[in-house]
Amino acid sequence: MLGSELLWSSDFGTTYTKLTLQPGVTTVIDNFYICPTNKRKIILVSSSLSDRDQSLFLSTDEGATFQKQLIPFSVETLIFHPKEEDKVLAYSKESRLYVTSDLGKKWTLLQERVTKDHVFWAVSGVDANPDLVHMEAQDLGGGFRYVTCHIHNCSDKTLAAPFAGPVDRSSLTVQDDYIFFKATSTNRTKYYVSYRRSEFVLMKLPKYALPKDLQIVSTDENQVLVAVQEWHQTDTYTLYQSDPRGERYSLVLEAVRSSRQAGESVVIDILEVRGVKGVFLANQKVDGKVVTLITYNKGRDWDRLRPPSTDMNGKPTNCKPPDCHLHLHLRWADNPYVSGTVHTKDTAPGLIMGAGNLGSQLVEYKEEMYITSDCGHSWRQVFEEEHHILYLDHGGVIVAIKDTSIPLKILKFSVDEGLTWSTHNFTSTSVFVDGLLSEPGDETLVMTVFGHISFRSDWELVKVDFRPSFSRPCSEEDYSSWDLANLQGDRCIMGQQRSFRKRKPSSWCIKGRAFTSALASRVCACRASDFLCDYGFERSPSSDSEANKCFANFWFNPLAPPDDCVLGQTYTSSLGYRKVVSNTCEGGVDLQQSPTPLQCPLTPPRGLQVRVRGQAVAVRPGEDVLFEVRQEQGDVLTTKYQVDLGDGFKAMYVNLTLTGEPIRHRYESPGIYRVSVRAENTAGHDEAVLFVQVNSPLQALYLEVVPVVGINQEVNLTAVLLPPNPNLTVFYWWIGHSLQPLLSLDNSVATRFADTGDVRVTVQAACGNSVLQDSTVVRVLDQFQVVPLQFSRALDAHNPNTPEWREDVGLVVTRLLSKETGVPEELLVTVVRPGLPTLADLYVLLPSPRPMRKRSITSDKRLMAIRQVLNAQKISFLLRGGVRVLVAVRDVDTDSQRPGGGGGYWAVAVLFVIGLFAVGAFILYKFKRKRPGRTVYAQMHNEKEQEMTSPVSHSQGAQSPIQGEGFIDGDLDSQTLGNHSGVVLSINSREMHSYLVS
């Protein structure tokens, strides 16, 4: 399938026939799938402009003919059954899973809300029913579960859940004998494994392994190889290998380099050398340097690669250990039709080609090509640049094409395992090479190079046939043997000596499909190097005399009973070493010990935990709190649990962790309560502690700050909170454009401003689940003047000491002064101070520099005018009941002096107040302000309604007889709240009527 055409060849690419799926209809092939058990069966996934539904094209004759089949869903991917060729799973773009048993002619919906790429067919020889499907699916509550069902009977009622709890999204993996997933709760991730469909158990890593990510590398030969990124690692992983059950893990190699690809997939620099079991290559990154290592015994021992003594031209490389080695790039190719940077094949054991460099470390931009034909024992340089590699005839012919962005017409090939190379013009016109193809299995001598002449041209396919170069099939006389050995020359690898055969360089013959490379093997006697320290080792023994050094770093006591061991029962435990998995040695040294039956002892409680169900540790007074107590290890039948909930409630429990029943409790008063649980039996004790915050929801927050400050003048920012919550509230302060807040437990912080201008200050108060916010703008000026003010003493009796009241009084004074003096209102700011006696400060600002027709009033004249009207007692306002409040200049040295007032008004005020006290109730101050459930304080300036009224009724249409006086009415509209803004973020705010006192 090339471009918009579908081409078919049955003669190794000599000729191609164009296939027309729908005559006269433009058909787009989205993807194609070949049955792994019968390559004659093919499914094409397509779409066309004329079809509303997606279509499949089915072939049972290797693509010679196709049958169209409409389907009512959009295919994301298809999964053939590993054994039964007509059964296929289809994952749709709507996250639904379908199944067919007749190669796509009829489809049945199996399950909805399925996780992509986490659907698996039954594994032959492990799952009892071949029609079983493993899948990760989302439940109605939004969590993810591991479920299974049979394709002929799959519904919500028949779904099985092999694991009862939720699993993390995109974590389910079914691979060979094992099933893996992870589950996170209370910010702790646990990794689970099931061996041959047994009960799920925790994957037990060595003692100090703290994984933040875990990747399955391999599950070959009854062993799991995992890569774990631990808490201190960023671009490296640590390799561990398991026992046959995949439960307990031992260290293999630390600091293996990793990288993240598109889609956040992780690529770890480890490569299994195909064709020879137990051989791996890995890139280790230590102190910023990347070096390449090789192991011949599945990671038990690692060595650096030997450098060649000469380069491809026969010149000395001057690269000698320990300062210089060979290093290889271990990247996979993004293009599936070209090789990666290292090329190995099962059909060519011992043959490895890779791109890299010589030196003390791997260099990213150096990609010289090296080859080994004895599985890494010795290397040779073959090219100075990276090439794509293809093995033909079991490695009898090696084809290499330069990895470049320019068009090519020459390829290179070798028939003697890279000792010599020849060139071949595969085309007369240079082409941009996009890929190399050969028959699966690499047994043939025919290949295809495909690419394009230009970026706008059709694709070009060029067949290259090496069969004419070989006149006969190989006979036994055409082969020689080679013995597998590690870099120390030891031929006993993985418990056996292995010999392989390879074609002699002088023999030009075809190996053929029947060729087998393995020649002979002989079992070796066991040595100490065939064993590993059993799970959690610090290092493995290098000689028989080191058998007593195995227990340096156990993450658990190897003689300890299992977690579920109950007093009176028995368990088995093995101590010491274990043989490397797949090692076939016999006799010799035996470091393994047979399992010994032991009695389960009485064990002390360990891993005691107490938590609040739902994970919340902040609750409200009167709310039900459910405490759950868990114990990870130790006896539970004879253990007593003493519980103290911190508010006087104490109790003793038995079987508390066995039943799993929570402790229900209510806290009546706000505060911080220390909850403790002590578990104790005759073998020992353990204790768990939890702190619970009980607090009422916040109702109101007001940021109080002087609106005008000078440069580098210290200013206090105060958050007034209702209700007050000392020691339970955290305050977050954002000053200016800073994204990083200041944190404080006090409701007030001090700061300075270094530059002039408007600076926004925002505060958030957080108490439990309740969060409020308020914000205001502070004007930072280099010049302004302050006039201290005071009020008639009678105002103190009407002062509720709230921020809103202070702001409104300041606004009244500002407007009166502006009216009497002619100074623009925007140049005057009156700030009423908190507390008693009631005092204020008047800030007189400079006007903005701008051209004016009339000569503006100078600063000195503005101050003189203000002081004149204040000293003349022209600034006053009335309270309800006829109480007149006079505003005057305050002597900062004698703040006790207060201005007087008219006798008639004061007499009326005194009689009025006495009368209110006589009946037991009085009104200090009243505003009709309705605040909805989510209160917003609007920011209003010039648009506010006039607050000052005459004592004379409005209906009389008369002017106030007292110039400069105003009247603070109880019906003042809510829009006159003043210059502050704040948003109640809590859902618990309520309607409030301010300043009502009875």
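Structural data are supplied above this passage.
The notes below deal with the structure included here.

Reading the values: the criteria
Residues numbered from 1 in each chain as written. Predicted model: local features only at pLDDT ≥ 70, side-chain atom pairs only at ≥ 80, totals over all residues. Heavy atoms only, no water. Phe/Tyr/Trp six-rings, centres within 6.5 Å; stacked < 30°, edge-to-face > 60°. Lys NZ or Arg CZ within 6 Å of the ring centre and 35° of its normal. 1 Å grid on protein atoms, 1.4 Å probe; cavity = no way out; pocket = protein on both sides within 12 Å on 5 of 7 lines; lining within 4 Å. Points joined across faces, edges and corners; volume = space filled by probe spheres on them. Helix = DSSP H or I, 4+ residues; strand = E, 2+ residues; numbered from the N terminus. Nonpolar A, V, L, I, M, F, W, Y, C, P; charged D, E, K, R; others polar. Salt bridge = Lys/Arg side-chain N within 4 Å of Asp/Glu carboxyl O. Buried < 20%, exposed > 50% of the residue type's maximum accessible area, 1.4 Å probe, protein only. Polar contact = N/O pair within 3.5 Å; in protein donor to acceptor, adjacent residues only side chain to side chain. Contact = heavy atoms within 4.5 Å. Pairing = 2+ DSSP bridges. Axes fitted to C-alpha atoms, helices over the stretch in contact; angles between N-to-C directions. Core = buried A, V, L, I, M, F, W, Y, C linked by side-chain atoms within 4.5 Å. Disulfide = S-S within 2.5 Å.

This next bit is on the packing of aromatic side chains. Taken as a whole and assessed by the stated rule, the structure comprises 19 aromatic pairs. Of the aromatic side chains, those joined through ring pairs into one cluster are Y146, F163, F181, Y192 and F200. Over the aromatic face of Y479 sits the side chain of R501, whose NZ or CZ is 4.9 Å from the ring centroid.

All right, on to empty space enclosed by the protein then. Counting across every chain of the model gives six cavities of 30 Å³ or more. Empty space within the largest cavity amounts to approximately 130 Å³. Looking at the largest cavity, it is lined by 18 residues, and the ones nearest its centre are S218, Q223, L225, F280 and K298. Counting residues per element, the ones that place at least two in the lining of the largest cavity are β20 (236–242) and β23 (270–272). Residues of the lining of the largest cavity, tallied by class, amount to seven nonpolar, six polar and five charged. When its volume is computed, the second largest cavity comes out at roughly 110 Å³. If you trace the second largest cavity, you find 16 residues lining it, with A348, P349, E417, K502 and K511 closest to the centre. Ranked by residues supplied to the lining of the second largest cavity, first place goes to strand β40 (residues 496–503) with three residues. Broken down by class, the residue content of the lining of the second largest cavity amounts to six nonpolar, six polar and four charged.

Throughout the structure, instances matching the rule amount to 35 salt bridges. Ionic pairing is found between D465 and R467, a salt bridge with its closest N-O pair at 2.7 Å. Classification of R467 by relative accessible area gives partly exposed; the value is 37%. A salt bridge links D483 to R491; the nearest nitrogen and oxygen atoms lie 3.3 Å apart. The class of D483 is partly exposed, set by a relative accessible area of 36%. Among the residues examined, R491 registers a relative accessible area of 32% and is labelled partly exposed.

On to the side chain of S818, then. Checked against the element boundaries, S818 lands in helix α2 (residues 803–821). Look at S818 and you get buried, because its relative accessible area is 14%. Of the polar contacts made by the side chain of S818, one reaches the backbone nitrogen of E825; its length is 3.4 Å. Each residue touching S818, except ones within four places of it in the same chain, is listed here: V823, P824, E825 and L828.

Across the sheet, four strands lie side by side as β32-β33-β34-β35; this open sheet has antiparallel pairing. A strand with exactly one partner marks an edge of an open sheet, and here the two such strands are β32 (387–392) and β35 (422–425). Put simply, the sheet's adjacent strands are angled 30 degrees from each other on average, direction ignored. Where strand β33 (residues 397–402) lies against strand β34 (residues 410–414), three bridges are found, and the strand directions are antiparallel. Pairing of A400 across the sheet is with K412, part of β34.

Attention now moves to the nonpolar core. Of all hydrophobic cores here, the largest spans 34 residues; its most connected members are F791, L817, L870 and F877. The biggest single contributor to this core is α2, with six residues. Aside from chain neighbours lying at most four places away, what touches L870 is V787, L789, L817, I875, V887, A888 and V889. Judged by nonpolar contacts, the second largest core, of 24 residues, contains V276, Y370, F500 and L532.

For the rest of this paragraph, the subject is the environment of P824. By secondary structure assignment, the location of P824 is in the loop between α2 and β65 (828–832). Between the alpha carbons of P824 and P847 there is a distance of 8.9 Å; along the sequence they are 23 residues apart.

Before going further, it helps to spend a moment on the state of the cysteines. Counted according to the given criterion, the structure contains five disulfides. Each disulfide pairs two cysteine sulfurs, and for C149 the partner residue is C154, the sulfurs being separated by 2.1 Å. In this structure, the disulfide formed by C149 and C154 twists by about -85 degrees around the S-S bond and is classed as left-handed. Residue class for C154 comes out buried when judged on its relative accessible area of 15%. Between the sulfur atoms of C492 and its disulfide partner C524 the distance amounts to 2.1 Å. Across the S-S bond linking C492 and C524, the dihedral sits near -90 degrees, which makes this disulfide left-handed. Placement of C492 in the loop between β39 (479–483) and β40 and of C524 in the loop between β41 (518–523) and β42 (525–526) is noted, with a sequence separation of 32 residues between them. C524 gets classed as buried once you look at its relative accessible area, which sits at 4%.

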